[in-house]
There are 2 protein chains.
Amino acid sequence: MKAFTALVTPEEARQKFGRAFSPAPIGVERVPLLEALHRVLAEQIRAGTDLPGFPRSTVDGYAVRAADTDGASTGTPVALTLLSEVFMGAEMHLRVGSGEAARIPTGGALPDGADAVVMQEHTVRGNTNVAVERPVRAGENVVPRGADVRRGDVILNSGRRLRPQDLGLLAGLNHPEIAVFSRPHVGVIVTGDEIVAPGQSLRGSQIHDMNTYTLSGTIEDAGGLAQPHGIVGDNLAVLVDRAKEAHAASDVLILTGGSSVGEKDVVADVIAALGAPGIIVHGIAIRPGKPTILAVCNGKPVFGLPGNVVSVMVTFDQFVRPVIEALAGLKDERRYGGSVRARVAKRFAAGEREDHVRVALSERNGALWASPLPAGSAIITSMVRADGIVVVPVNAVLEEGAEVEVRLLA
Amino acid sequence: MKAFTALVTPEEARQKFGRAFSPAPIGVERVPLLEALHRVLAEQIRAGTDLPGFPRSTVDGYAVRAADTDGASTGTPVALTLLSEVFMGAEMHLRVGSGEAARIPTGGALPDGADAVVMQEHTVRGNTNVAVERPVRAGENVVPRGADVRRGDVILNSGRRLRPQDLGLLAGLNHPEIAVFSRPHVGVIVTGDEIVAPGQSLRGSQIHDMNTYTLSGTIEDAGGLAQPHGIVGDNLAVLVDRAKEAHAASDVLILTGGSSVGEKDVVADVIAALGAPGIIVHGIAIRPGKPTILAVCNGKPVFGLPGNVVSVMVTFDQFVRPVIEALAGLKDERRYGGSVRARVAKRFAAGEREDHVRVALSERNGALWASPLPAGSAIITSMVRADGIVVVPVNAVLEEGAEVEVRLLA
């Protein structure tokens, strides 16, 4: 029987893989702004204009020269001659001179000559003039031109995942379409003689495929396009054929199952058939997930993940997700809220492998408690019930009440 | 001039609206599991079978009767007669008797008679027998039938937004398709004489539409389907026509702009034309967002949000998002990670309205600090730069260094 040569730590595994493969964005496409939500921006955006493009009133009222309102009060109002009105969106022909005022709505363009706006509530309107009952300072109730964005400012960087407000800003700066990074195609092949697709009835000791469905979700969440290539039994020749097809059609290929070292575990041989340099790491000191394979074949990353779905999720998150995100052009962004601090509700101890413990969170006495869920890597409900994952270093013990960082599951 | 009658607090506004409209899911559809990610489950799922459906080995090794291995050691191994092998997925014909063992792979079905599995590492294999060098307890290296899920267990509830692992569990329990709630259609009309679509060049004091794009994103994030109905000038008759059309085609209608009380602010009149009972709340003590309208017309929620995009985002989040989520069938779930605690980097004070302050987060001396961004409701960059929002109660003052809850923006 083959055996794992020495396991490498998760960090060593990432480093070895990183030396063999440097992911770069796979391509760029232009999309209409309405289709750009959550896509990754592929260009640096500089403002082509000031925002706002002209000084705007923040209130309904009268555009004036502030100096004209000095000393105004309810008892001694200042009367200003009414000019025409500022119309939203209209050409800016008006000019407010000394002793003059022009009606202006919220958002209206401040006319030439005016330097402030008196709120309507502080005025009494006549037929040809308006009485101002409170003084304003220069600039009062006005957003200056360029207060939001100055022409030439970098407003968004390449590599940013676009949020609703980003789309708003891009629209405001007249970008009806933008360049985004293409999403990498991620092929998935599920291996195992015992596995059948949901919808088919089970015979003997068959089980239904969970990995295709779980991975499709995690791939999409990472910014990739999942391409399921079905279920293949543990037959080397058939698997090699299917894997070559999927490898050619994908930017990343994931196989699940058969990555251990039993005689039926043919995935290592399948990956070896996909091209050089081949397997970079086989066997990682992580629990669950020991029999994980990280490989590069003909310039594309190929992953052999364990067969159990919990191991698949943990190893995907540790080793595959960062690669998909980089191929999708995502730049490391600060992400707050991805984790919370909690207290350990029940002692747990890691063994010789870094332990990725699924936990449920609950609030008790004003504190957040993390309760470990059943540990088996075949226990899918441990992931379904989990709020997050606590990483316990090799041989570490977490006593009840200890504070830990819980990485939240999306 | 019309004026706001007394402003209501945000909480009063939600209560008044809640009495006028009780959102219920708008419909149910069946989708293939591969299309169900992030959809809201519309049925309670009970397990139709145990998971696993049979006791499974967690290791590569030999299925045995644990009692037979008592006292086994390297020096005094116990020899067991080798039966045939357990094949993955095959019918389960084998029976392990006393003094017998059967080769079993990880995940294989434990044969009748056997109650434990000896790891391969603790055996020496001969031609017709296997020498066991370490004893096992009954149940060792075996996941019992039903250890993950028991037949009849409720495994997922209606109202849950489906995560990747939920899809895996549904697949494992043979649900190739499932019932999800239909997504509500949310119509958007942007009003304002000054607004033109991005892609068109600006004349005079025109500005580009940001609200259609921002709202499309927030609507989608809330689980709705955004239906933009374009930009309409401040003309009552034209607006009423467009609003009636959009109201008929949507489950929820949002209008932006023109919701204040100036003479051009016709949105209240437009909403009044859409049916009874009409406007429930007009004017809320929130900053930004004072001129917000909450209405119900012919059984559908209608919202008049302010024209400025920052106000749109804040009021959407406070008043519209919960309605869309309820129409989409989402049940209140605990959501950890939606907020973080931080220290105020610069004193700020609310006025007469509850203040929704956009903040940028940064780490300094091991603590998280929240720095307020420019306050103007027209300053879209305050949202683009923001990591989250701090709600400051009416007349409250937050001193520098005070600890606050920051609600994180997605």
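Residues numbered from 1 in each chain as written. Chains lettered and ligands numbered in written order. Predicted model: local features only at pLDDT ≥ 70, side-chain atom pairs only at ≥ 80, totals over all residues.

Counting its secondary structure elements, chain A contains seven helices and 28 strands. Here the C-alpha radius of gyration of chain A, 31 Å, is well above what a compact globule of 410 residues would show, namely 22 Å. With 410 residues in all, chain A has 51% of them scored as buried. Nonlocal contacts in chain A, meaning residues at least 24 apart in sequence, comprise 72% of its contacts between residues at least 6 apart. (Helix = DSSP H or I, 4+ residues; strand = E, 2+ residues; numbered from the N terminus. Rg over C-alpha atoms; globule rule 2.2 N^0.38 Å. Buried ≥ 20, exposed ≤ 12 C-beta atoms within 10 Å, placed from the backbone. Contact = placed C-beta atoms within 7 Å.)

Residue and element names in this part refer to chain B. One open sheet holds the six strands; their spatial order is S7-S4-S6-S5-S9-S8, and the pairing between them is mixed. Two strands lie at the open edges of the sheet, namely strand S7 (116-119) and strand S8 (123-125), each paired on one side alone. Across the sheet, the axes of successive neighbouring strands diverge by a mean angle of 40°, strand direction being ignored. Bridging between strand S4 (residues 61-64) and S7 involves four bridges; their strand directions are antiparallel. Across the sheet, Tyr 62 pairs through a bridge with Val 118, a residue of S7. (Pairing = 2+ DSSP bridges. Axes fitted to C-alpha atoms, helices over the stretch in contact; angles between N-to-C directions.)

Time to look at the relation of the copies chain A and chain B. Its rotation angle being 180°, the transformation that places chain A on chain B also includes 0.0 Å of axial translation and leaves an RMSD of 0.1 Å. Both chain copies can therefore be described as sitting about a two-fold axis. The rotation axis passes nearest to the C-alpha of A:Gly337 in chain A, at a distance of 2.3 Å. Here 99% of the interface residues in chain A have copies in chain B that are interface residues too; the copies meet face to matching face. (Least-squares fit on C-alpha atoms with pLDDT ≥ 70 in both.)

Let us now look at the interface of chain A and chain B. Every contact between the two is made by 79 residues of chain A and, on the other side, 78 residues of chain B. Elements represented by at least two residues in the side of chain A that touches chain B include exactly helix H2 (164-172), strand S15 (207-208), helix H3 (211-221), helix H6 (309-327) and helix H7 (381-384) of chain A. Looking at which element gives the most residues to the side of chain A that touches chain B, the answer is H2(A), with eight residues. Along the lines of polarity and charge, the residues of the side of chain A that touches chain B split into 37 nonpolar, 28 polar and 14 charged. (Nonpolar A, V, L, I, M, F, W, Y, C, P; charged D, E, K, R; others polar.)

What follows covers the environment of B:Asn308. Residues and elements named next belong to chain B. Along the chain, Asn 308 turns up in the loop between strand S21 (300-305) and helix H6 (309-327). We classify Asn 308 as buried; it has 25 C-beta atoms within 10 Å. Each C-alpha atom, one on Asn 308 and one on Glu 177, is 42 Å from the other, the two residues being 131 residues apart in sequence.

Turning our eyes to something else, we now look at the packing of H2(A) against helix H3 (residues 211-221) of chain B. Close contact between H2(A) and H3(B) brings their axes to 7 Å; oriented N to C, the two are set at 165°. It follows that H2(A) is roughly antiparallel to H3(B) by the angle criterion. Remark: the crossing between H2(A) and H3(B) carries right-handed chirality. Facing H2(A), whose interface residues are A:Pro164, A:Gln165, A:Leu167, A:Gly168 and A:Ala171, H3(B) presents B:Tyr213, B:Thr214, B:Gly217, B:Thr218 and B:Asp221. A class-by-class count of the residues in the contact of H2(A) with H3(B) yields four nonpolar, five polar and one charged. (Parallel < 35°, antiparallel > 145°, perpendicular 65-115°, else oblique. Left-handed = near helix turned anticlockwise from the far one by under 90°.)

Attention now moves to the environment of B:Ala370. All names here are of chain B. For Ala 370, the location among the structural elements is in strand S25 (residues 367-372). Spatially, the C-alpha atoms of Ala 370 and Gly 289 are 22 Å apart, while their sequence positions differ by 81 residues. Excluding anything up to four places from it in sequence, Ala 370 contacts Ala 342, Arg 343, Val 344, Ala 345, Val 359, Leu 361, Val 390, Val 404 and Val 406.

We now examine the sheet that holds strand S21 (residues 300-305) of chain A. All names here are of chain A. Strand order in this open sheet of six strands is S16-S13-S17-S21-S20-S18, and the pairing throughout is mixed. Strands at the two margins of the open sheet, each flanked by one partner only, are strand S16 (225-232) and strand S18 (277-282). The average angle at which neighbouring strand axes cross in this sheet is 20°, direction not considered. Here five bridges tie S18 to strand S20 (residues 293-297), and the two strands are oriented antiparallel to one another. Bridging across to S20, Pro 277 finds its partner in Cys 297. Strand contacts of helix H1 (residues 10-20): S18 and S20, with the helix running at about 170° to S18, the strand carrying the most contacts. In the packing of H6 onto the sheet, contacts are made with strand S13 (185-191), strand S17 (252-256), S20 and S21, and the angle to S21 comes to roughly 170°.

As a further point, take the domain arrangement of chain A. With domains assigned, chain A is organised as domain 1 (10-27 + 182-327), domain 2 (28-51 + 148-181), domain 3 (56-143) and domain 4 (339-408). In this structure, domain 2 of chain A and domain 3 of chain A have C-alpha centres spaced 36 Å apart. (Domains from an automatic or database assignment.)

A separate point is the nonpolar core. Grouped together as the largest cluster of nonpolar side chains are 236 residues, with contacts concentrated most on A:Ala63, A:Val64, A:Ile254, B:Ala63, B:Val64 and B:Ile254. Apart from the residues lying within four places of it in its own chain, the contact partners of B:Val64 are B:Thr69, B:Leu80, B:Val96, B:Ala101, B:Ala114, B:Ala116, B:Val118, B:Val132 and B:Val136. (Core = buried A, V, L, I, M, F, W, Y, C linked by C-beta atoms within 7 Å.)

Now for H3(B). Burial within H3(B) is extensive, with nine of its 11 residues counted as buried. Those residues of H3(B) that fall on the buried side of the exposure criterion are B:Asn211, B:Thr212, B:Tyr213, B:Thr214, B:Leu215, B:Ser216, B:Gly217, B:Thr218 and B:Ile219.

What follows concerns H6(A). Residue A:Phe316 marks the point of greatest curvature in H6(A), where the axis turns by about 50°. Looking at the residues trailing H6(A), positive phi occurs at A:Gly329, about 85°. (Bend = angle between axes of the 7 residues up to and from the residue.)

The next subject is the environment of B:Ala237. Note that B:Ala237 resides in helix H4 (residues 236-249). In this structure, the C-alpha to C-alpha distance between B:Ala237 and B:Gly257, residues 20 residues apart in sequence, is 16 Å.

We now examine the pairing of S25(B). Residue and element names in this part refer to chain B. In terms of strand pairing, strand S22 (residues 339-344) meets S25 through two bridges, oriented parallel. Note that in S25 the partner of Arg 343 across the bridge is Trp 369. As paired strands, strand S24 (residues 354-364) and S25 are joined by six bridges and run antiparallel to one another. For Leu 361, the partnering residue across the bridge sits in S25 and is Ala 370. The turn joining S24 and S25, which pair antiparallel and follow one another in sequence, is formed by two residues; a positive phi near 50° is taken by Asn 365.

As a general feature of sheets, a regular strand has side chains that alternate between the two faces. Residues and elements named next belong to chain B. Bridging between strand S19 (residues 286-287) and S24 involves two bridges; their strand directions are parallel. For Arg 287, the partnering residue across the bridge sits in S24 and is Asp 355. Examined bridge by bridge, S24 and strand S26 (residues 388-392) share five bridges and lie antiparallel to one another. Across the sheet, the residue bridging to His 356 is Val 391, located in S26.

Here the residue pair A:Arg287 and A:Pro288 is connected by a cis peptide bond, since its omega of 0° sits within 30 degrees of zero. Checked against the element boundaries, A:Pro288 lands in the loop between strand S19 (286-287) and S20. Even without being a glycine, A:Asn365 presents a positive backbone phi close to 50°. Position of A:Asn365 among the secondary structure elements: in the loop between strand S24 (354-364) and strand S25 (367-372). For A:Asn365, a count of 6 C-beta atoms within 10 Å corresponds to the exposed category. Positive phi, close to 65°, is recorded for B:Asn395, a residue that is not glycine. Considering the arrangement of structural elements, one finds B:Asn395 in the loop between S26 and strand S27 (397-398).

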